[in-house]
Every structure is written in C-alpha cells, then in structure tokens.
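Each chain, written out:
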Amino acid sequence: MENKLPEIWVLVDEVAGHNAQALGVAEALGLPFSKKKLIYNKNAKLPNALKFNSLSSLDLKKSDNLTGSYPDIIISCGRKTAPIAIAIKKAARKSGKNSFACHIMWPGCFTTCGFDMVAVPSHDNLNLFQRNSKRVIRTIGSPNRITKPFLLQEYRIWDKTIGELPSPRIVLLLGGDSRKTSFTKDHAKYLVNSISSLVSNFNSSLLVTNSRRTNREVSDFVKEEFKRKIGRYYYFHDVHQSKANPFFAFLQLADAIITTGDSISMCSEAASTGKPVYIFSPDGNAPQKHRRFHDLLYKEQYATEFNNASVDKILRENNLNVFYANKTLNASSYVASEIKKRFSERA
C-alpha cells in the first residue's frame, strides 16, 4: 500500500449501526475511500443463500453505480450487504482486477467463502471450522468511528446547545429493551438513585441520552427524577423528540461514562473513548451473547460493572476513575491493520 493508493469502496445501506462499523474501519485505514449507497428491492428480505451472491436484491436505478472501474478493496457490514460485496468482487475479477473483500459481522456460511477476510466479534459463537478459518479474525466489540478528532468535531456541533456544564461530567447512555429482555422501571430507579448519589458526592454535571429501545415510561421517569434530584447541571436528550443526537458530543464531554448493557455497539463506543466506563446490566437483563461480551470487557479492563460494590468503592475512595485502567478499545484499527497486512501480502 506504499505506492499507488488502492481504490476503496465502502458499502452503506439503511442500517446506521452497520454503516458506522464499515466507515470506522475505512477511516482507520487512513486512505481515501468512496461510499457506495445501496437501495434494496423486495428480494433483500430473502436469505442470502437464495441471492446467489448477485445484485438481485438491489434497486439498481436508485443505488450508486457499482460498475465500471472496480475497487481494490471492498468493505461491507451486515447480512444484506454481503452478497452485494461478493457480486462486486466477482465482476471485478472478470474485468481483470482481484479485489480484496472484507466483511464485518458473520455473513452466513453460504457467503463467507467468497470473502478474503471476515471480522467477527469474539462474543459470537462460531463452530470449530469457522473459528479455525484463516479468513476469520475475531474482534473485541464492534468497530466504530470513535477517535479524538471525530468526537471533538461532533462536540462542536452541539456546544452551544448543551451549554457550559462544569466538570466532572458523568454521562448516562440509557438503552432499554432487547428482543429477550426488558429494562424495567425498577432498573431505572436503581440507576437514578445510584447516579444521583455520585452526582451529589462529586458535585458533578449529568448528561443523559436515551435510545430508540428505551421504553417511554422508563424514559419519562428517568428524565423527571433526575430533574427533581439534581437540578441545574443536568441535560437530558430525548431521541424520540429529535432525530439529531448529541451522543458523540456527550462522549467527548464525559469524565466518566455509565451505559446500560443492552447494546453491544453502545458499550463498544463507550469503551473506545479511553475514558472510565461502567456497564449496568443487572442479572437477567442481557442476552447470553451480551453477557459474554461484558465479561470480556471486564476481564480485559476496558470497562467495569456498575453495581452496589463499584458505586460504594467510588464513593469510599472519592474517585470516579478508581477502576480506570487507561485502556482504549479499538476494533476499527485492528481490522484496518489486518486489511493492510493481508492486502499487501497478496499484492
């Protein structure tokens, strides 16, 4: 990758979380890239095995052009983009170009063999053959776009809206229900009471943002209870009332981050800031896959569990950073380094 710069395509669609992972890896490469927007037709709902690694699931008139000069590197993420990426690789081969295709997340057995590299989170269960495949690399958490310049850029968009809030600043990333679990009002009460005690002890500011998963009753309860208990150094953003979200601006401002454990991407993004991260995931409130992920973050010291013991220790030692190990999760850089290595070795 030292001479002529490779042409890189990043496939993006309607799934913002998948796009963030693919773009995070592309940005970590530190090279120019093009985004190729995909618009699907009704065939997109079919299993990948029935798409035969073709463009049959695309609305070709509305999607960006995928023909002509083909890329050297293709980066994709999520189930729907996988057959598209392989179709591009096949077309490139016919034109005489051997494109390197990297997919993020497990694309399905039928599609996997077409990729040069597949990045799969360590908490995902793979069978013995899949785990031992040289094509597969394992990441801790999800790739994302978190970097210091990116967070600063996001904060500058919101600085006048949020206003001046004194340090230390505690940020709460409030998720909610998952497919198999519920985030209840009792869970919310525990969070409000525990965080209020920290805010009072440290005379800190509190910034809260909910998510699309947050139950309306829970969201309203948290918003009003914090308002009653804390007062002026408090900012609550409701994503149900505004499409714009200061999520990344909050991460930039945070001196400590408390996040619910229902979202792997949310926990990954918090741990990618290099700041103290506490994960609230009470027993039975997270699927098994999520619990494996949390345990890995705790073991590798990227985060700490938020519970009675951790709150007591923070208050006892009067230190929000008492568990801080100065470690920064960076799955994007790891995947990018593997792309560079494998692309160079093959060239």
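Chemist: Help me understand the overall build of the protein in this model?
Modeler: The helix and strand tally for the protein stands at twelve helices and twelve strands. Whereas a compact globule of 347 residues would reach a radius of gyration of roughly 20 Å, the protein reaches 22 Å, a difference of no more than 12%. Counting all 347 residues of the protein, 53% fall into the buried class. Long-range pairs, those at least 24 residues apart, make up 72% of the contacts in the protein between residues at least 6 apart in sequence. Only carbon and sulfur atoms are counted for the fraction: they give 49% of the accessible area of the protein, which is about 16600 Å². Placing the 50 positive and 31 negative side-chain charges of the protein at their respective mean positions leaves the two points 6 Å apart.

Chemist: Any chance you could explain the environment of Thr-214 here in plain terms?
Modeler: With respect to the secondary-structure elements, Thr-214 resides in the loop between strand S8 (205–209) and helix H7 (216–229). Linking Thr-214 and Asn-127, residues 87 residues apart in sequence, is a C-alpha distance of 34 Å. Discounting residues that sit within four places of it in the chain, Thr-214 has contacts with Leu-174, Gly-175, Gly-176, Ser-219 and His-240. Looking at Thr-214, its side chain comes within polar contact range of the main-chain oxygen of Leu-174, at 3.1 Å. A polar atom in the side chain of Thr-214 sits 3.0 Å from the backbone nitrogen of Ser-211.

Chemist: So what exactly am I meant to see when it comes to the nonpolar core here?
Modeler: Inside soluble globular proteins, nonpolar side chains tend to come together where they are buried. In terms of nonpolar packing, the biggest core is built from 31 residues, with Ile-162, Leu-173, Leu-207, Phe-248, Leu-251, Ile-257 and Leu-297 touching the most fellow members. Residue assignment for this core shows that the elements contributing at least two residues are helix H5 (148–162), strand S7 (169–173), helix H8 (247–253), helix H9 (264–271), strand S11 (277–280) and helix H10 (288–299). A per-element tally of this core places H8 first, with six residues. Setting aside residues up to four positions removed in sequence, Leu-173 forms contacts with Thr-209, Phe-247, Leu-251, Ile-257, Ile-258, Thr-259, Thr-260, Met-266 and Ala-270. Ala-188, Val-199, Val-222 and Phe-306 belong to the second-largest nonpolar core, a separate cluster that totals 28 residues.

Parameters at a glance
Residues numbered from 1 in each chain as written. Predicted model: local features only at pLDDT ≥ 70, side-chain atom pairs only at ≥ 80, totals over all residues. Heavy atoms only, no water. Helix = DSSP H or I, 4+ residues; strand = E, 2+ residues; numbered from the N terminus. Rg over C-alpha atoms; globule rule 2.2 N^0.38 Å. Buried < 20%, exposed > 50% of the residue type's maximum accessible area, 1.4 Å probe, protein only. Contact = heavy atoms within 4.5 Å. Areas by Shrake-Rupley, 256 points an atom, 1.4 Å probe, with all protein chains shown as cover. Lys, Arg positive; Asp, Glu negative; His and termini not counted. Charge placed at Lys NZ, Arg CZ, Asp CG, Glu CD. Polar contact = N/O pair within 3.5 Å; in protein donor to acceptor, adjacent residues only side chain to side chain. Core = buried A, V, L, I, M, F, W, Y, C linked by side-chain atoms within 4.5 Å.

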